[in-house]
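Understanding the architecture of this molecule
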Amino acid sequence: MQRLMRKLKSNEPVIGYVYIVLGCAVGGAAYPFFLVPNGIAPGGLTGVATVLNYLFGAPVGVTSLLLNVPLFLMGYKLMGGSFAFRSLIATVLFSLFIDLFKFPPLTDDVLLASVYGAIMLGVGLGLILRGGATLVGSDTVSNTHLR
C-alpha cells in the first residue's frame with residue numbers, strides 16, 4: 001500500500017493535468033449542451049462572452065479567451081509560475097472546448113438547462129481547481145487585493 005501511495009505521489013503533476021483537461025472538457029461541454037442554446041449566461045468573463053454571443057454571434061470560447069488575456073497578464077505575478085502555467089493551460093483548453101464541441105442542445109427548457117448546465121459547469125470547475133489551476137478571469141481580479 002505504501003508503495004502504491006509513493007507511486008501516486010510521484011505522478012501527482014500528471015494527475016493534476018488530467019484533472020485540468022477533464023474539467024475543461026466537462027465544463028466546456030456545458031455550454032453547447034445547455035447554456036448557449038438557451039441564452040443562459042453564467043458568471044464571470046465566460047458569461048460576458050455568452051452575452052456577446054447572444055447579441056452579436058461572437059464565438060463564446062474565443063471571446064472568453066480574448067477577455068481573459070489582460071487579466072492573466074495582470075495576475076501572472078500574483079499567481080506564481082506553476083499555478084500561472086496550469087491556469088493558462090486551463091483557460092485556453094476551456095475556451096477551445098467551448099467552441100470545438102458541436103453538440104445539439106439536450107433540452108430547450110430553460111430551468112432544466114440552468115440546473116444541468118450549472119451542475120456540469122460546477123463539476124468541471126471543481127476538477128480544474130482540484131488539478132491546481134483556475135480559469136483566470138474574475139478569480140484573478142477578486143484575489144489581487146489578497147496579496
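Residues numbered from 1 in each chain as written. Predicted model: local features only at pLDDT ≥ 70, side-chain atom pairs only at ≥ 80, totals over all residues. Heavy atoms only, no water.

1. Comments concerning the environment of Ile98
With respect to the helices and strands, Ile98 occurs in helix α5 (residues 81–100). You can call Ile98 buried: its relative accessible area is 6%. A sequence separation of 39 residues divides Ile98 from Pro59, and the C-alpha atoms of the two residues are 8.8 Å apart. When neighbours within four sequence positions are excluded, Ile98 is seen to be in contact with Gly28, Tyr31, Pro32, Thr46, Val60 and Gly61. (Helix = DSSP H or I, 4+ residues; strand = E, 2+ residues; numbered from the N terminus. Buried < 20%, exposed > 50% of the residue type's maximum accessible area, 1.4 Å probe, protein only. Contact = heavy atoms within 4.5 Å.)

2. Quick look at the packing of helix α4 (residues 60–79) against α5
Two numbers describe how α4 lies on α5: the axes approach to 9 Å, and their chain directions differ by 175 degrees. Classified by the angle between their axes, α4 and α5 sit roughly antiparallel to one another. On the side of α4, the interface is formed by Val60, Gly61, Val62, Ser64, Leu65, Asn68, Phe72, Tyr76 and Met79, while α5 contributes Gly81, Phe83, Ala84, Ser87, Leu88, Thr91, Val92, Ser95, Ile98 and Asp99. Split by residue class, the contact of α4 with α5 holds 11 nonpolar, seven polar and one charged. (Axes fitted to C-alpha atoms, helices over the stretch in contact; angles between N-to-C directions. Parallel < 35°, antiparallel > 145°, perpendicular 65-115°, else oblique. Nonpolar A, V, L, I, M, F, W, Y, C, P; charged D, E, K, R; others polar.)

3. Thoughts on the side chain of Ser95
Within the fold, Ser95 resides in helix α5. On the basis of relative accessibility, which here comes to 3%, the residue Ser95 falls in the buried class. Beyond its immediate sequence surroundings of up to four residues, Ser95 is in contact with Gly61, Ser64 and Leu65.

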